[in-house]
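Coordinate analysis (summary)
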Amino acid sequence: MAKQLFKNYTYHFNKNEKKLLETFCKTLLKQISGDEKFYGDIRAFNSILDKLSESTEEIKFTKEEKTKLVFRLKENVEHLEKQIKKSGFIKRWLLKSVYTQYKNLLENHFTD
């Protein structure tokens, strides 16, 4: 079977997923905005944030935007897993809900 040359990076997010991704992108941009070596990431996440804030039902990402978003989401999920293992009961309970939201987002939209 031939490998697909061009993939379609079109996604349909519900309003909760959009809100979660917008918050994630804003937080990430605050963290990396001062460093010059993250110029490509800053440009990609600003573009993602602009596309998420539009009121269209269908969101189209470029390959670069999709790969950077998936990479950062996976990093975040791994970090949350480590934090959940180390934390106490109340913090674990709070982190578990955020962890499941990010995990579901990755599984539902960004699995290959």
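Everything below is about the structure shown above.
The rules we used
- Residues numbered from 1 in each chain as written.
- Predicted model: local features only at pLDDT ≥ 70, side-chain atom pairs only at ≥ 80, totals over all residues.
- Heavy atoms only, no water.
- Axes fitted to C-alpha atoms, helices over the stretch in contact; angles between N-to-C directions.
- Helix = DSSP H or I, 4+ residues; strand = E, 2+ residues; numbered from the N terminus.
- Parallel < 35°, antiparallel > 145°, perpendicular 65-115°, else oblique.
- Left-handed = near helix turned anticlockwise from the far one by under 90°.
- Contact = heavy atoms within 4.5 Å.
- Phe/Tyr/Trp six-rings, centres within 6.5 Å; stacked < 30°, edge-to-face > 60°.
- Buried < 20%, exposed > 50% of the residue type's maximum accessible area, 1.4 Å probe, protein only.
- 1 Å grid on protein atoms, 1.4 Å probe; cavity = no way out; pocket = protein on both sides within 12 Å on 5 of 7 lines; lining within 4 Å.
- Points joined across faces, edges and corners; volume = space filled by probe spheres on them.

**Quick notes on the packing of helix α1 (residues 15–32) against helix α4 (residues 89–109)**
Relative orientation of the contacting elements α1 and α4 amounts to 110°, with a least axis distance of 11 Å. By the angle class used here, α1 and α4 are roughly perpendicular. Handedness of the crossing formed by α1 with α4: left-handed. From α1, Glu17, Leu20, Leu21 and Phe24 reach across to α4, where they touch Gln101, Tyr102, Leu105, Asn108 and His109.

**Examining the packing of aromatic side chains**
For the structure on display, the rule yields six aromatic pairs. Aromatic side chains tyrosine 11 and phenylalanine 61 sit 5.6 Å apart centroid to centroid with 45° between the ring planes, which places their arrangement in the tilted category. Here tyrosine 11, found in strand β1 (residues 10–11), pairs with phenylalanine 61, found in the loop between β2 (59–60) and α3 (63–86); they are 50 residues apart in sequence, far enough to count as distant. Both residues of the pair, tyrosine 11 and phenylalanine 61, belong to the buried class. With centroids separated by 6.2 Å and ring planes inclined at 45°, the aromatic side chains of phenylalanine 13 and phenylalanine 110 adopt a geometry described as tilted.

**Describing the layout of surface pockets**
Any space left empty among the atoms is revealed by the rolling of a water-sized probe across them. Taken as a whole, the largest pocket encloses approximately 220 Å³ of empty space. Lining the largest pocket are 13 residues, with Phe24, Thr27, Gln31, Asn76 and Tyr102 positioned closest to its centre. Mapped by element, the contributors of at least two residues to the lining of the largest pocket are α1, α3 and α4. The leading source of residues in the lining of the largest pocket is α1, at six residues.

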